[in-house]
Every structure is written in structure tokens, then in C-alpha cells.
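Here is what each chain is made of, one letter per residue.
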Amino acid sequence: MSFEKSKELYNKGLKHLVGAVNSPVRAFASVGGNPLFIKKAKGSTITDVDGNNYVDFVLSYGPMILGHRHKKVQKTIEKALKNGYTFGASTENEIKLAKIVCDAFPRMDKVRFVNSGTEAVLSALRLARAFTGKDKIIKFSGCYHGHSDALLVAAGSGLATLSLPGSKGVPEGAVKNTLIANYNDLESVKAHFENHDDIAAVIIEPIAGNMGVVLPQEHFLKELKTYLESKGALLIADEVMTGFRSKFGGAQELQGVEADITCLGKVIGGGFPVGAYGARNEIMEMVSPLGAMYQAGTLSGNPIAMAAGIATLSTLKKQNPYEQFNETARILEVILLEKAKKYGVAIVVNRFGSMINPFFTSTPVINFEAAQKSDTKKFAVFFWEMIKNGVFLPPSQFEAWFLSSALTDNDLKKTSKAIDMAMRKVSKM
Ligand code: KE4
């Protein structure tokens, strides 16, 4: 397998692109070696510039849940392009997508589209502060909510991979209202309320996907929501990654919880830049132009992106692949555990719906501290052996693998063989 063209493009990219990438995780920093450059993708297969084909479990970090270039989505986008790309005025597609999204979340009366998950979350924080009149926000260590200043503290995902606690350039003032609690630890949330009476909201990934997959323990989310109601604080569910991945709607519902504000992204744009935040009327009516909380965006509700989102969600609703996702994830989990056992490699597998990943550790991973005990060197060896056997994974121990409904039995057979070779390689370290 040659990676010559990727190497060439990487060196060329270094001139005008920072690290030859437009998002840090794509630099492969935590697995070493040069990042792959991708030429094209179709269905469950992604092809790099050297012509190597891979089963794709990155799916652009979530959006491509139907697989790449799904025929219905492709046709819808091509049709939308014939009407123009963006107008700076409202279009019918925004109403259509808004209805699909609000209908999928029982407590969501209205939604505002933006252009990324980061923008959705930073707007949701502002909205929670506007609605409650309070300033503090609690986030959980290991959860990642995009790169807005206030949330770049002990973030998971990119920062965890680059092991940068917080980020340079974030002024002290920007994070003084951000408190950090531990996932699955309600006491760590209560402790903040004992010390502060100005907490507007708690933001959480209802299934964490940015420290690897970490599940809320039984009743954790429900108890958190009940406690917040008793304190007059809001629950913000960051479903940018989990939205429409484990059911047609939010993972929050499967946990028996309805957040006050929900953030979305990834899948709802079908591969185009879309984020969103939504809530019941009394909260959303705080947002400009109805209310005094300002938020705006040149390309928000972009008609092409809306068309891609409508096509993706309506296809997803029709396909209803969720049972299949659970079964495929279960099969993958069995394969990972069997192959690891065969070669004496210690791993723990966490999964939920169409998100799964192995941790190279022997202790249960229920929070960021436990996740960080994973052997990232073993992950790096595993990652490259999977690449060499035609499987494309997120290049980090702290990322979730994503399933698409385009995955075939052949893909799983190929993945199983690759996992066998990769576990064998890890066992020889
Ligand atoms: P974006 O601004 O990247 O669209 O969304 C930020 C975001 C917000 N909330 C959650 C739960 C997220 O997972 C994300 C982004 N996820 C990462 C993957 N861990 C995107 C990949 C990247 O940073 O390149």
C-alpha cells in the first residue's frame, strides 16, 4: 500500500495550511505518520489520493450516516443548485428542515440554524444566560462542545488528543464563568451549586463521543435534570454528534430526559455546514429578531445545505436503520473483544447506537479520567495496521467510530480481518 501522493500533498499543504489541515484531528498527531489525503468516497468506501480504498468509520466525524453520495441526497443537492446557492433571504427549505427537526424532538418548538456545531453551542450558552439572567455554565471534563473560548477548558477530543489542557489565546475572563464537573458524577455538579448561585445551565453530551464513547450511567441524566429543575438551571444537550445517530431524534430521549435546549449539527446537514439550536417557545423567543439575545449568520439556513439535510433526514426516517446499527455495533464489539482476547490485548469496548470504540485499557471507561488511562501508543499501532488492511478509523483514541447504513457484510468481513491483524500487531509491541 503506497501513501506517496498523500505525503506529497502533505508537504505541499504545509506551505499555506497550518499543519496541512483545516482541523487539528486530521493531522494524525496522536497516531504519528503523515495524514491521508482523500480523493473521493461512495457508499461505505473512501478512497485516498494514492487510490487505496478503505471501509469508512470516520464518515467526516458523523455527518455521512447514509454513506457517501447517497443517490437521493445527491439528486436533491443537484436540483437545489439549479435555483442558486444563497440569497440572504429566507427560503422554503429552511421551514421544511425546521419542521423535520422540531417534530423529532418533543420539547423543541423552534430551532435556529447556524453553520457549525461550535456556533450552535456558543449560541445556546448565550441563550441560557439570556433566559436565566445568570452567567455560569458547567461542562463535563472530557466533553467537547466546539472551540468557542468559554468551552476550551479540559475539553476532550482534539484537545485531549493533543493533550493541551485548555488552549492558548483563551483569556482568563472568557473561562471564569465555566465550571468543570466529572461525567457520571452528580455530586461534582452539586458541589458547584453549593458554591455558586449564578449557574445558568449545565451542558452535556448525552452520550459522550469526544473522549471515545462514554455512556451515562443509569439514571445519571434523569437525576441531573431533576436536580437542575430544583435549582432553576437549564440542561443543554449537545447532540451535535449524537443527534439522529441512535434514534430518529435525540439520544436524550433514549435516556428518558428532555433537555431545555438542544444543539445539533453533523447529520442534519448531510455533509454540508449546518448547526442548530432549539428549545420550547418561551426560551427561543428570547432570540433576535423576537427577543433581545442577538445571533446571526450570513450563510445560516443555506438553501443547498438545507436541501442536503432534508434529503438526509427524510431518507433516514424512511430507512429507520437504528435496529441494524445496534446489531452491527454489537457484532463489531464481539469481534473486537474476541480478537483482543485471542492475542492477549487488554481492551474495553463502549458503544451506543451507531457509535462505538475500543479503549486500550482494562478498566471500565466511565469518565475522562478513566479514558485517559488508555494506552495511546497501542492505539497508534492498531490504527495504522487497520489502515494497511483497508479500514479508515478516526486517528485518535479519544474519538468515536461511526457506522453508516451503507455498510455491507463484506465491509464487516474485511473489518474483522483487519482487526485480527491489528490486534496481532499490538500484541507484539
Ligand atoms: P463543529 O464546530 O466541529 O461542527 O462541532 C463542534 C462539536 C460540538 N459538539 C460535539 C458533541 C462535537 O462532537 C463537535 C465536533 N466533533 C468533532 C469530533 N470529535 C469534530 C471533528 C473535528 O474537530 O475536526
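Since we're looking at a predicted model, the values are computed, not measured.

### Description of the site of the ligand
Right, so step 1: Taken together, 17 residues surround the ligand, and among them Ser23, Thr118, Asn210, Asp238 and Glu399 come closest.
Right, so step 2: One nitrogen or oxygen atom from the side chain of Ser23 is found 2.6 Å from an oxygen atom belonging to the ligand.
Right, so step 3: One of the side-chain nitrogen or oxygen atoms of Thr118 is found 2.7 Å away from an oxygen atom of the ligand.
Right, so step 4: Relative to its unbound accessible area of 540 Å², the ligand is 86% covered by the protein chains.
Right, so step 5: Partitioning the shell around the ligand into residue classes produces five nonpolar, eight polar and four charged.

### Here's the deal with the packing of helix H14 (residues 376–388) against helix H15 (residues 409–427)
Right, so step 1: Orientation of H14 relative to H15, taken along the N-to-C sense of each, is 140°, at an axis distance of 8 Å. Here H14 lies oblique to H15, going by the angle between them. For the pair H14 and H15, the crossing hand works out as right-handed. Of H15, the residues touching H14 (which contributes Lys378, Val381, Phe382, Glu385 and Met386) are Thr415, Ala418, Ile419, Met421, Ala422, Met423, Lys425 and Val426.

### Some details on the sheet that holds strand E11 (residues 348–352)
Either a parallel or an antiparallel arrangement is found when strands of a sheet pair, and the pairing is made through backbone hydrogen bonds.
Right, so step 1: Across the sheet, three strands lie side by side as E11-E12-E14; this open sheet has antiparallel pairing. Two strands close off the open sheet at either side, each with one partner strand: E11 and strand E14 (401–402).
Right, so step 2: Bridge count between strand E12 (residues 355–359) and E14: two bridges; the pairing is antiparallel. In the strand pairing of E14, Ile356 is matched with Trp401.
Right, so step 3: Along the sheet face, helix H12 (residues 322–342) touches E11, E12 and E14 and points at about 175° away from the line of E11.

### Notes on the pairing of strand E9 (residues 261–264)
Right, so step 1: Side chains Ile261 and Cys263 project from E9 onto one buried face, and the interleaved Thr262 and Leu264 project onto a second face that is buried too.
Right, so step 2: Sheet topology places strand E8 (residues 234–238) next to E9; three bridges connect them, and they run parallel. Its bridge partner lying in E9, Ala237 is registered against Thr262.

### Examining a positive patch on the surface
Right, so step 1: Taken together, the side chains of Lys5, Lys39, Lys40, Lys42, Arg69, Lys71, Lys72, Lys75, Lys79, Lys96 and Lys318 make up a positively charged region of the molecular surface.
Right, so step 2: In terms of residues, the positive patch owes the most to one element, helix H2 (residues 71–81), which gives four residues.
Right, so step 3: Summarising the element assignment, Lys72 is placed in helix H2.

Thresholds, definitions, all that
Residues numbered from 1 in each chain as written. Predicted model: local features only at pLDDT ≥ 70, side-chain atom pairs only at ≥ 80, totals over all residues. Heavy atoms only, no water. Near = heavy atom within 4 Å. Polar contact = N/O pair within 3.5 Å; in protein donor to acceptor, adjacent residues only side chain to side chain. Areas by Shrake-Rupley, 256 points an atom, 1.4 Å probe, with all protein chains shown as cover. Nonpolar A, V, L, I, M, F, W, Y, C, P; charged D, E, K, R; others polar. Axes fitted to C-alpha atoms, helices over the stretch in contact; angles between N-to-C directions. Helix = DSSP H or I, 4+ residues; strand = E, 2+ residues; numbered from the N terminus. Parallel < 35°, antiparallel > 145°, perpendicular 65-115°, else oblique. Left-handed = near helix turned anticlockwise from the far one by under 90°. Contact = heavy atoms within 4.5 Å. Pairing = 2+ DSSP bridges. Buried < 20%, exposed > 50% of the residue type's maximum accessible area, 1.4 Å probe, protein only. Patch = residues over 30% accessible without salt bridge, like charges linked within 9 Å, V, L, I, M, F, W, Y side chains within 5 Å. Salt bridge = Lys/Arg side-chain N within 4 Å of Asp/Glu carboxyl O. Lys, Arg positive; Asp, Glu negative; His and termini not counted. Charge placed at Lys NZ, Arg CZ, Asp CG, Glu CD.

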